[in-house]
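# A closer look at the structure
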Amino acid sequence: MPNVKLITERLIDEVVEGIRQSDSIYILTSFLMRSGVQLLAPFLKEALERGAEVKVCAGNYLFVTHPDALENLLHIHDSIEVRLFKSNGKSFHPKAYLFGGEKGDNFFIVGSSNLSRSALTTGVEWNISLKEEFEPATYAEALDQFSKIFEHELTLFSYALTNIPVPLASWNTTPFSHRSKDFVSCFAHTKLSH
């Protein structure tokens, strides 16, 4: 893979390659869709079973994240870390996939692709892949920024996501206009720590 690469088709190929070769896999997207989680689940499970660290963070901005996508992620493996950033109405629009490990082929992808089947396979998307060896300071900054969001005081931990008053899976049967209200009310009183 070149040091810097524009990816306009089949981001899934680059993401799966990163998952397969990495000891740490960090995904940060503004939203998660059920279709994207289903697509990546077998690869993430395989990585977790070999001992890789997998952290996924999405947001509740505009209430697009599928609640059952969060729930499906949580059930992939006991050691996966899934968090939800409570945007409180502030725009939350990152899309980044970071891969690292002992092998030294560390890289990250940033661009327009959220975690959905369309964005990863056939959608019109633009993403840039950047190798750590080409730009170590930028790679380090990307890891630092991911950590800041993942550990932010407005980020709900996996424990909080599994202990909210209304089951996540029940939201996908709610009409969208009402779903946002349910989403807000469910997380309004949820504690933001383990």
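Throughout what follows, the structure given in this document is the object of discussion. (Residues numbered from 1 in each chain as written. Predicted model: local features only at pLDDT ≥ 70, side-chain atom pairs only at ≥ 80, totals over all residues. Heavy atoms only, no water.)

The next thing to look at is the overall build of the protein. When its secondary structure is counted, the protein shows seven helices and eight strands. By residue count, 49% of the 194 residues in the protein fall in the buried class. Of the contacts made within the protein by residues no fewer than 6 positions apart, 78% connect residues no fewer than 24 positions apart. On the protein, roughly 9400 Å² of surface is accessible, and the fraction owed to carbon and sulfur atoms is 54%. (Helix = DSSP H or I, 4+ residues; strand = E, 2+ residues; numbered from the N terminus. Buried < 20%, exposed > 50% of the residue type's maximum accessible area, 1.4 Å probe, protein only. Contact = heavy atoms within 4.5 Å. Areas by Shrake-Rupley, 256 points an atom, 1.4 Å probe, with all protein chains shown as cover.)

Attention now moves to the pairing of strand 4 (residues 81-85). Among the five residues that make up strand 4, four are buried, leaving the element largely enclosed by the rest of the structure. Sheet topology places strand 3 (residues 53-59) next to strand 4; five bridges connect them, and they run parallel. Counted as the bridge partner of glycine 59 is phenylalanine 85 from strand 4. (Pairing = 2+ DSSP bridges.)

Across all of its chains, the model carries five aromatic pairs by this definition. When the centroid spacing of 4.9 Å and the interplanar angle of 5° are considered together, the rings of tyrosine 26 and phenylalanine 146 count as stacked. Pair noted here: tyrosine 26 is in strand 2 (residues 24-29) and phenylalanine 146 is in helix 5 (residues 136-150), with a separation of 120 residues, a long-range link. The interplanar angle of 45° and the centroid separation of 6.3 Å between the aromatic rings of phenylalanine 108 and tyrosine 139 together place this pair among those described as tilted. Within this pair, whereas phenylalanine 108 is found in strand 6 (residues 107-111), its partner tyrosine 139 is found in helix 5, the two being separated by 31 residues in sequence. Phenylalanine 108 sits in the buried class, given a relative accessible area of 8%. (Phe/Tyr/Trp six-rings, centres within 6.5 Å; stacked < 30°, edge-to-face > 60°.)

Membership of the largest hydrophobic core comes to 34 residues, with the highest contact counts inside it found for Val15, Ile25, Leu40, Leu73, Tyr97 and Leu120. Elements that contribute at least two residues to this core include exactly helix 1 (11-21), strand 2, helix 2 (34-49), strand 3, helix 3 (67-74), strand 4, strand 5 (95-100) and strand 6. When residues in this core are grouped by element, the largest group, seven residues, is from helix 2. Excluding anything up to four places from it in sequence, leucine 120 contacts Arg10, Leu11, Ile12, Val15, Gly36, Leu39, Leu40, Tyr97, Asn114 and Leu115. Among the nonpolar cores identified, the runner-up in size contains 14 residues, and Phe92, Ala96, Tyr139 and Ile149 belong to it. (Core = buried A, V, L, I, M, F, W, Y, C linked by side-chain atoms within 4.5 Å.)

Now for the pattern of salt bridges. Per the stated rule, a full pass over the model turns up seven salt bridges. In this structure, lysine 5 and glutamate 14 form a salt bridge, with 2.6 Å as the shortest nitrogen-oxygen distance. For lysine 5, a relative accessible area of 27% translates into the label partly exposed. Put simply, glutamate 53 and lysine 55 hold a salt bridge, and the shortest N to O gap is 3.7 Å. Taking relative accessible area as the criterion, lysine 55 reaches 14% and is therefore assigned buried. In the salt-bridge network here, residues are joined through shared partners; they are Glu81, Arg83 and Glu151. (Salt bridge = Lys/Arg side-chain N within 4 Å of Asp/Glu carboxyl O.)

What follows concerns the pairing of strand 3. By the criterion of burial, strand 3 is predominantly enclosed, with six of the seven residues buried. Since strand 2 and strand 3 lie parallel, the crossover through helix 2 that links them has a hand, and here it is right-handed. (Right-handed = clockwise from strand over helix to strand, strands pointing away.)

The subject of this paragraph is unusual backbone geometry. The backbone phi angle of arginine 10 is positive, close to 45°, even though this residue is not glycine. By relative accessible area, arginine 10 is classed as partly exposed at 41%.

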